[in-house]
Amino acid sequence: MEFDKKDLFFERIDRRHLELIKSFQCHERELVDFLLEDAYNNQVNKISVTYLFFSQKTKGLVGYLTVLTDAINLNAELKRYFRDKDIHYKSLPALKVGRIAVDDRFARRGIGTRMMDIAIFLAIKIYRETAGCRFITLDAKRGSSAETDSTHFYKKIGFHVLKEREKGTIPMYLDILAKE
Ligand SMILES: CC(C)(COP(=O)(O)OP(=O)(O)OC[C@H]1O[C@@H](n2cnc3c(N)ncnc32)[C@H](O)[C@@H]1OP(=O)(O)O)[C@@H](O)C(=O)NCCC(=O)NCCS
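Peer 1: I'd like to hear about the overall build of the protein chain, residue by residue, with values.
Peer 2: When its secondary structure is counted, the protein chain shows four helices and seven strands. Along the protein chain, from the amino end to the carboxyl end, the secondary structure elements read β-α-β-β-α-β-α-β-α-β-β. With respect to the principal axes defined by its C-alpha atoms, the protein chain has extents near 50 × 40 × 30 Å. When burial is assessed residue by residue, the protein chain has 26% of its 180 residues classed as buried. Sequence separation of 24 or more characterises 64% of the internal contacts of the protein chain that already satisfy a separation of 6 or more.

Take a look at the structure:
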């Protein structure tokens, strides 16, 4: 069942949230540990910013998104693309989605897609108001099947693989010019 987008709101994590984040459930233990142990401290230390997503109806926490600044090292295809436009940089500015997670009890209801919409909105806001920002980057976790491979989720949104890798995470990017 699709989650009603109007039912979602988000807040930047702060001290007031430290108790309620303990309710977050996710099968990826690392994503729970990051939320409980690092998200707030990293923000205090200006390393990343975490947005918590809540249901208007229940006021319960349903997901979170962590972002930080980044630069993308252009692969051969992107270099060619930009060279044709007379842009000759080796790397370009980006906003990185460092972490994204939906509470297991609310998975597959469109919340992850909605949180990625907000990441795109934040990147567009940066270049309209503050600083250059052309891409969204992230490192996708691979899974053993199409059902668990998160690249499938990102490709649906319009992300491309930056570099194929045999093991570990897969770097992906989205050109936000395509999203305006
Ligand atoms: C990945 C995640 C953020 C997606 O959020 P979500 O709210 O469940 O996703 P949505 O409902 O918006 O899904 C949109 C589409 O992506 C697909 N999808 C979602 N998660 C997927 C996954 N892990 N693997 C493969 N496909 C996935 C959905 O099936 C859906 O496709 P469909 O319309 O063809 O059915 C969420 O499942 C999650 O937190 N997973 C655990 C943590 C994780 O893997 N984080 C990403 C680390 S890179």
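Peer 1: Please give an account of the nonpolar core that cites residues and values.
Peer 2: By size, the foremost hydrophobic cluster in this structure holds 38 residues, and its most contacted members are Ala 119, Ile 136, Met 172 and Tyr 173. Within the residue set of this core, elements represented by two or more residues are helix H1 (29-44), strand S2 (49-55), strand S3 (61-73), strand S4 (91-102), helix H3 (111-129), strand S5 (135-140) and strand S7 (170-175). Residues in contact with Met 172, not counting those within four places in the same chain, are Leu 138, Ala 140, Thr 151, Tyr 154, Phe 159, His 160, Val 161 and Leu 162.

Peer 1: How would you sum up the site of the ligand? Please name residues and give values.
Peer 2: Close to the ligand lie 23 residues; Val 102, Gly 112, Thr 113, His 152 and Phe 153 are nearest. Looking at the shell around the ligand, the elements that each hand over two or more residues are S4, H3 and helix H4 (150-157). Top element by residues in the shell around the ligand is H4. It accounts for four residues. Of the residues contributing to the shell around the ligand, the split by class is nine nonpolar, seven polar and seven charged.

Peer 1: How would you sum up unusual backbone geometry? Please name residues and give values.
Peer 2: At Asp 86, a residue that is not glycine, the phi angle is positive and equals roughly 65°. Relative to the helices and strands, Asp 86 resides in the loop between helix H2 (76-83) and S4. On the neighbour-count criterion, Asp 86 (6 C-beta atoms within 10 Å) is exposed. One non-glycine residue, Arg 108, adopts positive backbone phi at about 60°. Residue position: Arg 108 is located in the loop between S4 and H3. With 13 C-beta atoms counted inside 10 Å, the residue Arg 108 sits in the partly exposed group.

Peer 1: Can you lay out the environment of Tyr 173 for me, pointing to particular residues and giving the numbers?
Peer 2: By the secondary structure assignment, Tyr 173 is in strand S7. Under the C-beta neighbour-count criterion, Tyr 173 is labelled buried, with 25 such atoms within 10 Å. Considering only alpha carbons, one finds Tyr 173 and Thr 148, 25 residues apart in sequence, at a separation of 19 Å. Sequence-distant contacts of Tyr 173, that is, excluding residues within four places in its chain, are made with Ile 72, Phe 135, Ile 136, Thr 137, Phe 159, His 160 and Leu 162.

Peer 1: Tell me about the pairing of S2, and please be specific about residues and values.
Peer 2: Pairing of strand S1 (residues 8-12) with S2, which is carried by five bridges, proceeds in the antiparallel orientation. Considered in S2, the bridge of Arg 12 is made with Tyr 51. Where S2 meets S3, six bridges bridge the pair, whose relative direction is antiparallel. In the strand pairing of S3, Thr 50 is matched with Thr 66. The antiparallel hairpin formed by S2 and S3 contains five residues in its connecting segment, where Lys 59 sits at a positive phi of about 65°.

Rules used throughout
Residues numbered from 1 in each chain as written. Predicted model: local features only at pLDDT ≥ 70, side-chain atom pairs only at ≥ 80, totals over all residues. Helix = DSSP H or I, 4+ residues; strand = E, 2+ residues; numbered from the N terminus. Buried ≥ 20, exposed ≤ 12 C-beta atoms within 10 Å, placed from the backbone. Contact = placed C-beta atoms within 7 Å. Core = buried A, V, L, I, M, F, W, Y, C linked by C-beta atoms within 7 Å. Near = placed C-beta within 6 Å. Nonpolar A, V, L, I, M, F, W, Y, C, P; charged D, E, K, R; others polar. Pairing = 2+ DSSP bridges.

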